[in-house]
Amino acid sequence: MVRHRPRAYPWPAWPAAAALGLLLDRAFGEPPASLHPVGWFGRAMTLAERADYQDSHAAGALHTMLGVLLGAGAGAFLRSATLSTWLAVAGRCLGESALTVARALNRGDLEAARAALPALVGRDPAGLDESEMARAVVESVAENTVDALVAPAFWAAICGAPGALGYRAVNTLDAMVGHRSTRYRAYGWASARLDDVAGYLPARLTAALVAAVRPGRAAAIWRAVHSQAPAHPSPNAGVAEAAFAAALGLRLGGCNRYGDRVEHRPWLGQGRPADRSDIRRAVRLSEDVSRLLTVILAAAGLAAHRRHSDGASREVER
């Protein structure tokens, strides 16, 4: 009898590896900034921008391609979806940064809260009162539950290590050059649009997870995501913020200032304005989403492994 060697299927291990990466982030957080590969990536892309910057879509597209290849290539080099997921997610850091602002607000130290706010949001903290800072933090926790948790784990589960770090590269490029400014309107267009595409499914998965961990608010979450999120300028942040607003019984949105630029965001949710106590509730909701996602990915990996093992056994028997 001729024994056929079982074929190697890498995919079954990826969802479980992504789940393990989420657990490592929850246990240990991110590596020190001086050692974090994302810091090295940022410095490399800053040097690349100095060399290749032109006020054109073509130059920006080439810059984006370089960054994605660098991120995905780093994942391919590491060859570990677990390690790459751990490096790509930042859920613990997100919660700690949000709670730092909450503790300052609880002490009545608005200056300390404003000083801590830039770790979470790009808007100008000067002049923000307690309510506006609370809103900014809750919105950031909602948006970054997609960007820093669900999306990198999702792409790790689908594409392995290159998917995790490739996505982190896309999201970092969007943060670096994807914002609306005179310098980056053309040059950052490709990075911003690619980030929208990469986050599209994870944002909607995040809304579904929010509804799953807050089932009593599921109908309100669906209404907010379906009817209010499309008015948001971001196709993905609006979905996450609408889901969090409805789950927490809040009303998010309003006027945001980014330096000299002012953006008017639509109202999301039908509840009351956010206050400092809602920051901890938002962090808890984000953590619950992370836990459920971890369980789902681990279960998917286990089920796929069993199917693969059964198939391999039958193939060997033949």
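Residues numbered from 1 in each chain as written. Predicted model: local features only at pLDDT ≥ 70, side-chain atom pairs only at ≥ 80, totals over all residues. Heavy atoms only, no water.

Trainee: Would you mind going over the overall build of the protein chain in detail, with residue names and values included?
Mentor: Each helix and strand in the protein chain was counted, giving 12 helices and three strands. A compact globule built from 318 residues should have a C-alpha radius of gyration of about 20 Å, and the protein chain, at 21 Å, falls within 12% of that. Its C-alpha atoms give the protein chain principal-axis dimensions of about 80 × 50 × 35 Å. A burial count over the protein chain gives 49% of its 318 residues as buried. The long-range fraction of contacts in the protein chain, counting pairs at least 24 apart against all pairs at least 6 apart in sequence, stands at 72%. Of the roughly 15,300 Å² that the protein chain leaves accessible, carbon and sulfur atoms contribute 61%. Each charge sign in the protein chain was given a centre, from 36 positive and 28 negative side chains, and these centres are 6 Å apart. (Helix = DSSP H or I, 4+ residues; strand = E, 2+ residues; numbered from the N terminus. Rg over C-alpha atoms; globule rule 2.2 N^0.38 Å. Buried < 20%, exposed > 50% of the residue type's maximum accessible area, 1.4 Å probe, protein only. Contact = heavy atoms within 4.5 Å. Areas by Shrake-Rupley, 256 points an atom, 1.4 Å probe, with all protein chains shown as cover. Lys, Arg positive; Asp, Glu negative; His and termini not counted. Charge placed at Lys NZ, Arg CZ, Asp CG, Glu CD.)

Trainee: Can you tell me about unusual backbone geometry, naming the residues and giving the values?
Mentor: You will see that arginine 79, though not glycine, has its phi angle at about 60°, which is positive. With respect to the helices and strands, arginine 79 occurs in the loop between helix H3 (57-78) and helix H4 (81-88).

Trainee: Talk me through the side chain of asparagine 256; I want residue IDs and the actual numbers.
Mentor: Mapped onto the elements of the fold, asparagine 256 is located in strand E1 (residues 250-258). Classification of asparagine 256 as buried rests on a relative accessible area of 0%. One polar contact links asparagine 256 to arginine 123, side chain to side chain, over a distance of 3.3 Å. Excluding residues that lie within four positions of it along the chain, asparagine 256 makes contacts with Arg123, Arg135, Glu139, Arg261, Val262, Glu263 and Arg265. (Polar contact = N/O pair within 3.5 Å; in protein donor to acceptor, adjacent residues only side chain to side chain.)

Trainee: So what's going on with the packing of helix H10 (residues 218-228) against helix H11 (residues 237-248)? Residues and values would help.
Mentor: Following both chains from N to C, one finds H10 and H11 inclined at 150°, their axes separated by 8 Å at the closest point. In the packing of H10 onto H11, the handedness of the crossing is right-handed. Between H10, through Ala220, Ile221, Ala224 and Val225, and H11, the contact on the second element is made entirely by Val239, Ala242, Ala243, Ala246 and Ala247. Residue classes in the contact of H10 with H11 are distributed as nine nonpolar, no polar and no charged. (Axes fitted to C-alpha atoms, helices over the stretch in contact; angles between N-to-C directions. Left-handed = near helix turned anticlockwise from the far one by under 90°. Nonpolar A, V, L, I, M, F, W, Y, C, P; charged D, E, K, R; others polar.)

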